[in-house]
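Observations on chain architecture
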Amino acid sequence: MTSPQDDFMRHRRTQEANVIGKVGSSDNPLHSIMTVEVNTTELCNRTCVFCPRSNAEIYPNRNLHLTPELAGKIAGDLASFEFEGRVSFSGFGEPVLNKKFPDVIRSVRRELTNNQLDTNTNGDRLTAEMVKNLFEAGLTFMYVNMYDGPEQRAEFEALFAEAGIPADQYRLRPHWGGAEEDYGLILNNRSGMVIDPDLGLPVIAEPMKHPCYYPFSRAMVDWNGDVLICSNDWGRACVVGNAKTEHFGDIWMSDGMLEVRRKLLTGDRAHKPCATCNVNGTLSGQFSFDLLIDHYKKSKNLDPEIEPMAIGDN
């Protein structure tokens, strides 16, 4: 029997393979983007022990939200270079607490007519009517993270059936297992903002010597348009641009992103937020990693002789 973590990674790799199948042999470096994760709100109704929100002094709730206008602008930028990846409304808060969430989805769907648009939710505020409205707005997939117990599965299956959403458009993720089962997650320390030895998240005394594919394959946009180098950067330690005032493609190929990628391809994590991060970073994203390195070498932004650190060399 496979673990929930292994099962979910297979799911993610299948999604990535579908995007790669669409971009094919493209040498457009912007086609390296497999996922654009968008933080819709700075509110959450839960305080999970493996999340920075478990300590309000470190990460308090804030009544701040992504606007439909900004969401549409980001989606328009993505459409301009024929983005084939997925847009995931998740980030650092509970998406449905953004009262304009359906309008956010509509704004993105108007620009990206065929892309997967999905969201992660703890499901606490879901109703059949809300689920139906979100899918009618343009959502194509929903992940429900279940924290309370196995009885939730039947409850959510009934809710989705009432909303008329087929089983292949949602996924129920069991996270009630507790620390011994890593809560059914691939736990990480959120770039050092969650320290809990009981969860296997001790202080990182020295940076890991390990490459990471996150800034090569996954983009992270905050509620205000700030683009971070990684979705694990809960402390906003490295902002490389703002999608409200800059074209998203320009930010993705900016000097700031190049600098980060140059370091990470050789396993250099001695910089924020990577210095205190414990994420492997190579479980997916190989296609994007190779595409960008090839582009940088051809454009002479990277020494043609440089070789990425082999994953087994650390």
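Residues numbered from 1 in each chain as written. Predicted model: local features only at pLDDT ≥ 70, side-chain atom pairs only at ≥ 80, totals over all residues. Heavy atoms only, no water.

Before going further, it helps to spend a moment on the packing of aromatic side chains. How two aromatic rings sit relative to each other is given by the distance of their centres and the angle of their planes. Within this structure, the stated rule accounts for 10 aromatic pairs. Consider the rings of Phe-50 and Tyr-147, whose centres lie 6.1 Å apart with planes at 40 degrees: the pair is tilted. In this pair, Phe-50 sits in the loop between β1 (35-39) and α2 (68-80) while Tyr-147 sits in the loop between β4 (141-146) and α5 (151-163), placing the two residues 97 residues apart along the sequence. Each ring, one from Phe-160 and one from Tyr-170, has its centre 4.0 Å from the other, and the planes form 10 degrees; the classification is stacked. Placement of Phe-160 in helix α5 and of Tyr-170 in strand β5 (residues 170-174) is noted, with a sequence separation of 10 residues between them. A residue is classified by how much of its surface remains accessible, and Phe-160, at 0% relative accessible area, is buried. (Phe/Tyr/Trp six-rings, centres within 6.5 Å; stacked < 30°, edge-to-face > 60°. Helix = DSSP H or I, 4+ residues; strand = E, 2+ residues; numbered from the N terminus. Buried < 20%, exposed > 50% of the residue type's maximum accessible area, 1.4 Å probe, protein only.)

Note the cis peptide between Lys-272 and Pro-273, where omega equals 0 degrees. Examined against the element boundaries, Pro-273 turns out to sit in the loop between α8 (255-265) and α9 (286-298). Positive phi values are uncommon outside glycine, yet Asp-182 reaches one of about 55 degrees. Inspection of the secondary structure assignment puts Asp-182 in the loop between β5 and α6 (214-217). Taking the relative accessible area as the measure of exposure, Asp-182 reaches 32% and is therefore partly exposed.

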